[in-house]
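Here is what each chain is made of, one letter per residue.
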Amino acid sequence: MKLSALDPRFEWAQRGRAVPAVAARLAGLARACKAGGIGLTVYAEEAERLEPMLDVLATVADDPARAGWDGLGLAMQAYQKRAPVLVYWLGALARASGRRLMVRLVNGAYWDSEIKRAQERGHDGYPVFTRKAVTDVSWLVCASLLLADPSAFYPQFATHNAHSVAAILEMAGRHGDWEFQRLHGMGELLYHQLAGLEATAVHVYAPGGSHEDLLPYLVRRLLENGANTSFVHRLRDDRLPVTGVVADPAARLAAIGPSPHPKIALPRDLYASERLNSVGLDLSDQVQMAALTAEMAAAVTGDWQAALLIDGTARKGAGTPAFNPTDRRRRIGAVAGPRDATDAVTAAADEFDGWKATPAVERAAILDRAADAIEGGRARLAAMIVRDGGRTVGDALSEVRETVDFCRYYAAPPAPILPRRAFCPDRPAKRTRSLSEVVASSPASRRGISRCRYSPARSPTSSPPALRWWRSRPGRRRWRRPPSSACCTRLACRRVRWRCCRARLARRWSPTRVSPGSPSPDRRRRPGRSTERWRQRTGPSCR
């Protein structure tokens, strides 16, 4: 059961309302599962939902109706850095409730989103391991802890890795109160080898539902199965030796050392040497939230005055009173009046020439200092945004981070301007011969050429890519069209395609269309097709 499916706002910020509501619904499902004699496993989700999930699990575990039923459990992700500590917490919960817990041990299925979410929100680190070898070692450590406490846990080892299966058989033996689990359609070759072993339970679990419900699940499993680091992918590769497929992750980790992945930078260093990423907060971390709440509470004391800096001096006055939009009875301060705003704009316009003459390096340094000052006072600024705009804490922090990112973005050195290519930026640049080069290198007796002038002012390149000629027999004229791939939907490619169509239209309606050995232009002119009509059709670029 996925707890976020029971309540759409199942998150840390809404734990005061969502946890009791989800716990009540899960307790009802647990009673129904107990009556039906089946188990109920709480599905593991993102790292920020782990603590609310544990609160719900603790509430349901203490339910008196659960007496005599050991079917409640949860899935635990080994790639989270707090996975071993979670085993000890679950053991204490099982002993306090007097019932065993089913624990399905998995590696984790949200690694990409966990990494990207931490980078987007500017966290100080990642909640998951960045190396596959560390995750495999964490899985083995958690497995040994679960097997060491049989009175508290019923372990369920969900894996498709041959080394993990062999390690469990070595640690627990072929007899014991535990089981293997695998996905339907995966790991069949591996678990087929265990068919002859006695007292080794292997449960196969699969999703259920309609085609619309199953399609996203199947696509995600297909991507996992086809990944280069997937054991299923490596198992079917005949070029890999057996020792490489069943390599010990502990030995691999000892060889590379206990260090983060070098190609996965911390969120702070997301933009490498170009600029720093703005610092954010993990709102699901109680320690960080407690510190932020204390700083915001200290910042809201007193009456705020929003003063304008005019000629370097803050002009304070009575101004217009400002009230909290969530409670109009609470006055938060005063803001500058219209006269002050007019004076500030006038002063800024007068000083613009001086700012424009300031070297770019000095202006960039000013923006960097402003970004550092804003980031240092984020708690005070967030408190102002919350009180003045009625925003949430998360939205207020996002506003502060956006301001910091803008300052550092414009302070960063500009990227070099790349030259425009002939057809499309996604294709390699190719030199296109001009029309004069084609005519000079091709005898008129071997190739028919249509006369069509070209306007360089309307071309994105120095020579028109559409004016390419196709080798043909004498008397025939063919145009080589631009490529029709999916990348040619950009603006430059659409211009080239339109120019080609205009050039072909000009050739068709041109009164001076001549080919070698053809009659004079007057006799080749189509009846009823005047020159003026041809000019209206083609426009100035092809005349």
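Because the structure is predicted, anything quoted here is derived from the model rather than measured.

Remarks on the overall build of the protein
- Secondary structure summary: the protein contains 21 helices and 11 strands in total.
- Counting over 543 residues, the protein shows a buried share of 38%.
- Partitioning the intrachain contacts of the protein with sequence separation of at least 6 by distance along the chain shows that 68% fall at a separation of at least 24.
- Surface summary for the protein: the accessible area is close to 31,700 Å², and the carbon and sulfur share equals 56%.

Some remarks on a negative patch on the surface
- Together, D311, D350, E351 and D353 line one region of the surface with negative charge.
- Considering the arrangement of structural elements, one finds D311 in the loop between β8 (308-310) and β9 (313-315).

Observations concerning the nonpolar core
- L3, V56, L90 and L105 are the most contacted members of the largest nonpolar core, which has 52 residues in total.
- Core analysis: the second largest hydrophobic core is formed by nine residues, A299, A382, A383 and L397 among them.

Quick notes on the sheet that holds strand β5 (residues 179-183)
- What the six strands build is an open sheet, ordered β1-β2-β3-β4-β5-β6; its pairing is parallel. Whereas interior strands pair on both sides, the edge strands pair on one side only; in this sheet they are β1 (40-42) and β6 (201-205). Direction aside, neighbouring strands of the sheet carry axes that sit 30 degrees apart on average.
- The sheet contact formed by β5 and β6 spans five bridges and is parallel. Counted as the bridge partner of L183 is Y205 from β6.
- Sheet strands touched by helix α2 (residues 50-61): β1 and β2 (72-77). Its angle to β2, the strand with the most contacts, is close to 160 degrees.

Some words on the sheet that holds strand β10 (residues 320-324)
- Pairing in this open sheet of three strands is mixed, and the strands run β7-β11-β10 from one edge to the other. Either end of the sheet is taken by a strand with one partner, and the two such strands are β7 (304-306) and β10. Pairs of neighbouring strands in the sheet enclose a mean axial angle of 45 degrees, with direction left out of account.

Notes on α2
- In a regular helix each residue adds 1.5 Å, so 12 residues correspond to 16 Å; α2 covers 16 Å between its end C-alpha atoms and thus fits that length.
- For α2, the buried fraction is high: nine of the 12 residues fall into the buried class.
- Buried within α2 we find L50, P52, M53, L54, V56, L57, A58, V60 and A61.
- Buried residues belonging to α2 abut α1 (15-36), β1, β2 and α3 (83-97).

Considering the pairing of β10
- Of the strand pairs in this sheet, β10 and strand β11 (residues 327-335) are connected by five bridges, and their pairing is antiparallel. By the bridge assignment for β11, N324 is matched with D327.
- What sits between the antiparallel neighbours β10 and β11 is a turn of two residues.

A word on the layout of surface pockets
- In this model, the second largest pocket occupies a volume close to 750 Å³.
- Of all the secondary-structure elements, those providing two or more residues to the lining of the second largest pocket are α4 (111-121) and α17 (393-411).
- The element that contributes the greatest number of residues to the lining of the second largest pocket is α17, accounting for seven residues.
- In the lining of the second largest pocket, the residues fall into seven nonpolar, seven polar and 11 charged.

Re the pattern of salt bridges
- Per the stated rule, a full pass over the model turns up 18 salt bridges.
- Between R329 and D327 there is a salt bridge, with the nearest N and O atoms lying 3.1 Å from each other.
- What emerges from the salt-bridge pattern is a single network uniting R268, D372, E375 and R408.

Details of the environment of L367
- Relative to the elements of secondary structure, L367 occurs in helix α15 (residues 360-376).
- Judged by its relative accessible area of 25%, L367 is partly exposed.
- Separated by 43 residues in sequence, L367 and Y410 place their C-alpha atoms 7.7 Å apart.
- With sequence-adjacent residues up to four places away left out, L367 is seen in contact with C407, Y410 and A411.

Description of the pairing of strand β4 (residues 153-158)
- For β4, the buried fraction is high: six of the six residues fall into the buried class.
- On β4, burial covers both faces: F153, P155 and F157 on one face and Y154, Q156 and A158 on the other are all buried.
- By the bridge criterion, five bridges tie strand β3 (residues 101-106) to β4 in an arrangement that is parallel. Across the sheet, residue V103 finds its bridge partner in β4, namely P155.
- In terms of strand pairing, β4 meets β5 through three bridges, oriented parallel. Counted as the bridge partner of F157 is F180 from β5.

Things to note about the packing of aromatic side chains
- Inspection of every chain in the model, using the stated rule, returns six aromatic pairs.
- Geometrically, the ring pair formed by F157 and W178 is edge-to-face, given 6.0 Å between the ring centres and 65 degrees between the ring planes. Here the residue F157 occupies a position in strand β4, and W178 occupies one in the loop between α6 (162-172) and β5, the gap between them amounting to 21 residues. Across the pair, exposure class does not vary: F157 and W178 are buried alike.
- Summarising the aromatic geometry, the rings of W178 and F180 are spaced 5.1 Å apart at their centres and angled 85 degrees between planes, so their arrangement reads as edge-to-face.
- W178 sits in the buried class, given a relative accessible area of 6%.
- With relative accessibility at 0%, the residue F180 sits in the buried group.
- Here the aromatic cluster, defined as three or more aromatic residues joined through ring pairs, consists of W139, F157, W178, F180 and Y191.
- The lysine or arginine in question, R275, covers the ring of Y271, its NZ or CZ lying 3.9 Å from the ring centre.
- Here R363 stacks its cationic end above the ring of W355, 5.8 Å away from the centre of that ring.

Examining the environment of A133
- Examined against the element boundaries, A133 turns out to sit in helix α5 (residues 132-147).
- Taking the C-alpha atoms as reference points, A133 and D248, 115 residues apart in sequence, are found 8.9 Å from one another.

What counts as what
- Residues numbered from 1 in each chain as written.
- Predicted model: local features only at pLDDT ≥ 70, side-chain atom pairs only at ≥ 80, totals over all residues.
- Heavy atoms only, no water.
- Helix = DSSP H or I, 4+ residues; strand = E, 2+ residues; numbered from the N terminus.
- Buried < 20%, exposed > 50% of the residue type's maximum accessible area, 1.4 Å probe, protein only.
- Contact = heavy atoms within 4.5 Å.
- Areas by Shrake-Rupley, 256 points an atom, 1.4 Å probe, with all protein chains shown as cover.
- Patch = residues over 30% accessible without salt bridge, like charges linked within 9 Å, V, L, I, M, F, W, Y side chains within 5 Å.
- Salt bridge = Lys/Arg side-chain N within 4 Å of Asp/Glu carboxyl O.
- Lys, Arg positive; Asp, Glu negative; His and termini not counted.
- Charge placed at Lys NZ, Arg CZ, Asp CG, Glu CD.
- Core = buried A, V, L, I, M, F, W, Y, C linked by side-chain atoms within 4.5 Å.
- Pairing = 2+ DSSP bridges.
- Axes fitted to C-alpha atoms, helices over the stretch in contact; angles between N-to-C directions.
- Expected span 1.5 Å × (residues − 1).
- 1 Å grid on protein atoms, 1.4 Å probe; cavity = no way out; pocket = protein on both sides within 12 Å on 5 of 7 lines; lining within 4 Å.
- Points joined across faces, edges and corners; volume = space filled by probe spheres on them.
- Nonpolar A, V, L, I, M, F, W, Y, C, P; charged D, E, K, R; others polar.
- Phe/Tyr/Trp six-rings, centres within 6.5 Å; stacked < 30°, edge-to-face > 60°.
- Lys NZ or Arg CZ within 6 Å of the ring centre and 35° of its normal.

By themselves, these observations are geometric and do not establish any function.
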